[in-house]
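Report on the structure
Below, each chain spelled out in residue letters.
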Amino acid sequence: MRKFLPRIALVLMGELFRRCIGKRIDWRKIFFLGAIMTLAGVLLPNIIFPYALDTWFFSPPVTISAYAILNGTTHLSETVNGATVEQSHLVLAAPVASVNASTNLTQLESVEEEIPAKINILEEEKILASPLPFLASPPPPPSPPRKRYVSSSLQRDLWSLPPHEALVYAKKEIAHAPPVTDDPDLYAPLFRNISVFKRSYELMEQILKVYIYPDGRRPIFHQPHLRGIYASEGWFMKHMEGNRQFVTRDPEKAHLFYLSYSARQLQKELYVPDSHNTRPLSIFLRDHVNWIAAKYPFWNRTHGSDHFLVACHDWGPYTVNEHKELSKNTIKALCNADLSEGIFTAGRDVSLAETTIRNPRRPLRYVGGKRVSQRSILAFFAGNMHGRVRPTLLKFWQDKDEDMRIYGPLPNRVSRKMSYVEHMKSSKYCICPMGYEVNSPRIVEAIYYECVPVIIADNFVPPLNEVLDWSAFSVVVAEKDIPKLKEILLAIPMRKYMRMQTNVKMVQKHFLWNPRPLRYDLFHMILHSIWFSRLNQISLPSAY
């Protein structure tokens, strides 16, 4: 029929032209009428027929039936009705209600069009031989991660609560966190209690508001340092000050108050080289906090217990020594999370991940590693010799065993063949000994390169320790056991190592600095740790 349409059109146009000869014609009306008919011809078929006409008139007869199960996974089954088949239209699958086990909330999920795996061979041949449009089309893009649904009225009620009452509500909710059996965004083996973490994180997203004091001169305040091994404090500052979800300009609505300073910048500006005296840094910060307490009523209201700071420099803990309330009450997120010095307090303070950022424009460069079969080195370490642990490590293992690649600074003869990063990507275990202080950037580097970290630092609290189960993806070796290091690593069964290495890859997302923060990344995980610490300070009513 298609080949006759041009001829018919020519005949009709010729007849119209013949009848119009010799008559006065209002060509403007004709032009206007033709434009309307053209638009109608283009738009009406798309409105009336949601599919191409080929699908309606030229597709082989197929009957498609859809069914869904309530665990969030849906399928389509296609059946062909014998040798003589009835003509049927292709019907879109409707949304199917599914129950999310982790939240007990009903959500809508789209039914995916799939050919079932166990289809009758004859029917499969008939379907594959037919030129159905949906078989040739690419699969739909993956849907974004689902968030727990919160009604607008509940959200308004949460925002209307006074800050302390909102925190009490959150703590009660977390105490009765619904069990999480399956969550596509979280990997249960990584967590101490995934149900508690998930509920706490959701409540943080719904409730938390942070007030950032605008006071303080740059570069010490409000100027993030984004490069090097101390960059965590700068990246957190950058993302916190640029955040719209959690930051509030009304301090009366705030649940937390952020002292936005950089310990790294404080050291660069105020420390006198070779003086070995950090007291001027502490005095400067003490005076700043006293200024804040005199200008605003919020510090004195809680004696600083709802305030927090983020400091990754080794001297971060020592910058608070001259102010008693700052040292004892304020939540401190510190890379130098050392329990032995009496400054860092587990349960109140937060261990901050120390991350090496070489290129602030590409913070995720080099992330990734090799397969287990390509990791021929048992253990690797290279670094400067400082602190009490590293000299001991080299004493027992440098040039002692081919499986144990233990160096000081990586020698040129070695680095010419394989770089530092390639060594970590080619090793089963990456040794992470403390330096001058208990923290080491190698812990997160190992996670970035999918190498199981071996932490050697007594009294060290690992990052995000309140929610993550570090035994699932790392090995902790006591300092006194360094002589038995190879024996300890070889005693780990291959099956357990494979599980730990898989867990390292799964936990990686929680240690990434993304150019723009994503759910569950390092920025959000640090903020959650601070939120979780604040909730730990809240006392529930005795009747509860």
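Labelled according to an unreviewed UniProt entry, the protein chain appears under the name Exostosin GT47 domain-containing protein, originating from Eucalyptus grandis. The Subcellular location (unreviewed entry) comment attached to the protein chain in UniProt states, word for word, "Golgi apparatus membrane". A UniProt comment under Sequence similarities (unreviewed entry) is attached to the protein chain, and it reads "Belongs to the glycosyltransferase 47 family."

**Re the overall build of the protein chain**
When helices and strands are tallied, the protein chain shows 20 helices and 14 strands. The 544 residues of the protein chain split such that 45% are buried. Taking the intrachain contacts of the protein chain between residues at least 6 apart in sequence as the baseline, contacts between residues at least 24 apart amount to 71%. Carbon and sulfur atoms provide 57% of the accessible area of the protein chain, an area that totals close to 29400 Å².

**Side note on helix α20 (residues 522-536)**
Taking 1.5 Å as the rise per residue, α20 with 15 residues should run 21 Å; its terminal C-alpha atoms sit 21 Å apart, in good agreement. Across the 15 residues that make up α20, a large majority, 14, are buried.

**Side note on the state of the cysteines**
Using the criterion set out here, one finds two disulfides in the structure. The disulfide bridge from Cys312 ends at Cys335, spanning 2.1 Å between sulfur atoms. Its S-S torsion of about -95° marks the bond between Cys312 and Cys335 as left-handed, since a negative value means left-handed. One end of the pair, Cys312, is in the loop between β7 (307-311) and α13 (324-328); the other, Cys335, is in the loop between β8 (331-334) and β9 (350-351), with 23 residues separating them in the sequence. Both residues of the pair, Cys312 and Cys335, belong to the buried class. A disulfide bridge connects Cys430 with Cys451, and the sulfur atoms are separated by 2.2 Å. On the S-S bond that ties Cys430 to Cys451, the torsion sits near 115°, and the link is right-handed. Here Cys430 is found in strand β12 (residues 427-433), whereas its partner Cys451 is found in the loop between α17 (442-448) and β13 (452-456), with 21 residues between them in sequence.

**Re helix α19 (residues 494-507)**
For α19, which comprises 14 residues, the first-to-last C-alpha distance of 20 Å matches the rise-based estimate of 20 Å (1.5 Å per residue) to within 8%. Residues Tyr497, Met500, Gln501, Asn503, Val504 and Val507 constitute the buried set of α19. Projection of α19 onto a plane perpendicular to its axis shows the buried side chains occupying an angular sector of 160°, all on one side.

**A few points about the environment of Pro411**
Mapping Pro411 onto the fold places it in the loop between β11 (404-406) and α15 (412-415). Given the relative accessible area of 21%, Pro411 is considered partly exposed.

**Quick notes on the pairing of β7**
Across the five residues that make up β7, a large majority, five, are buried. Because side chains alternate across β7, one face comprises the buried residues His307, Leu309 and Ala311, and the other comprises Phe308 and Val310, equally buried. Strand direction decides the pairing type here: strand β6 (residues 256-258) and β7, joined by two bridges, are parallel. Pairing of Phe257 across the sheet is with His307, part of β7.

**So, the sheet that holds β7**
What the five strands build is an open sheet, ordered β5-β6-β7-β8-β9; its pairing is parallel. Of all the strands in the sheet, the pair left with one neighbour each is β5 (210-212) and β9. In this sheet, β8 lies alongside β7 in parallel orientation, the contact comprising four bridges. Within β8, the residue paired with Ala311 across the bridge is Leu334. The strands touched by helix α9 (residues 231-241) within the sheet are β5, β6 and β7, with β7 carrying the most contacts at an inclination of about 135°. Along the sheet, α20 contacts β6, β7, β8 and β9; its crossing angle with β8, the most-contacted strand, is approximately 150°.

**Quick look at the sheet that holds strand β10 (residues 377-381)**
Ordered by their spatial adjacency, five strands build an open sheet running β11-β10-β12-β13-β14, and the pairing between neighbours is parallel. Both edges of this open sheet fall to β11 and β14 (475-476), since each of them pairs with a single strand only. As defined by bridge partners, β12 adjoins β13 across five bridges and the pair is classed as parallel. Bridging across to β13, Cys430 finds its partner in Pro453. Each of β10, β11 and β12 touches helix α14 (residues 390-397); the most contacted strand, β11, lies at about 135° to it.

**What to know about the packing of helix α7 (residues 163-175) against α20**
Interhelical geometry of α7 versus α20 gives an angle of 95° and a closest axis separation of 10 Å. With respect to their mutual orientation, α7 and α20 come out roughly perpendicular. Of α20, the residues touching α7 (which contributes Leu167, Ala170, Lys171 and Ile174) are Trp531, Arg534, Leu535 and Asn536. For the contact of α7 with α20, the class distribution of residues is five nonpolar, one polar and two charged.

**Digging into the nonpolar core**
By size, the foremost hydrophobic cluster in this structure holds 133 residues, and its most contacted members are Phe236, Tyr429, Ile431, Leu468, Phe511 and Ile530. Ranked by residues supplied to this core, first place goes to α20 with eight residues. Here this core gathers at least three residues from each of two domains, domain 1 (150-362 + 513-543) and domain 2 (372-511). Residues in contact with Phe236, not counting those within four places in the same chain, are Tyr258, Phe308, Val310, Trp513, Phe523, Ile526, Leu527 and Ile530.

**Looking at the pairing of β13**
Counting buried positions along β13 yields five of five residues, so the element is predominantly enclosed. In this region the chain leaves β12, passes through α17 and returns to the parallel neighbour β13; the handedness of that crossover is right-handed. Across two bridges, β13 lies against β14 in parallel orientation. In the sheet register, Val454 faces β14, and the bridge partner there is Val475.

**A closer look at the environment of Ile443**
As for its placement among the helices and strands, Ile443 is situated in helix α17. Sequence separation between Ile443 and Glu354 is 89 residues, and the spatial gap between their C-alpha atoms is 8.0 Å. Setting aside residues up to four positions removed in sequence, Ile443 forms contacts with Cys432, Pro453, Ile455, Phe460 and Trp470.

**Considerations on unusual backbone geometry**
Omega for the bond connecting Arg218 with Pro219 falls within 30 degrees of zero, at 5°, which places this linkage in the cis form. With respect to the helices and strands, the residue Pro219 is situated in the loop between β5 and α9. In this model, His222 sits at a positive phi of 60°, which is unusual for a non-glycine residue. With respect to the helices, strands and loops of the structure, His222 is situated in the loop between β5 and α9. Residue Asn459 is not a glycine yet carries a positive backbone phi of 70°. Secondary-structure assignment places Asn459 in the loop between β13 and β14.

Parameters and conventions
Residues numbered from 1 in each chain as written. Predicted model: local features only at pLDDT ≥ 70, side-chain atom pairs only at ≥ 80, totals over all residues. Heavy atoms only, no water. UniProt positions renumbered as here; feature names shortened; annotations may be inferred. Helix = DSSP H or I, 4+ residues; strand = E, 2+ residues; numbered from the N terminus. Buried < 20%, exposed > 50% of the residue type's maximum accessible area, 1.4 Å probe, protein only. Contact = heavy atoms within 4.5 Å. Areas by Shrake-Rupley, 256 points an atom, 1.4 Å probe, with all protein chains shown as cover. Expected span 1.5 Å × (residues − 1). Disulfide = S-S within 2.5 Å. Arc of directions from axis to C-beta. Pairing = 2+ DSSP bridges. Axes fitted to C-alpha atoms, helices over the stretch in contact; angles between N-to-C directions. Parallel < 35°, antiparallel > 145°, perpendicular 65-115°, else oblique. Nonpolar A, V, L, I, M, F, W, Y, C, P; charged D, E, K, R; others polar. Core = buried A, V, L, I, M, F, W, Y, C linked by side-chain atoms within 4.5 Å. Domains from an automatic or database assignment. Right-handed = clockwise from strand over helix to strand, strands pointing away.

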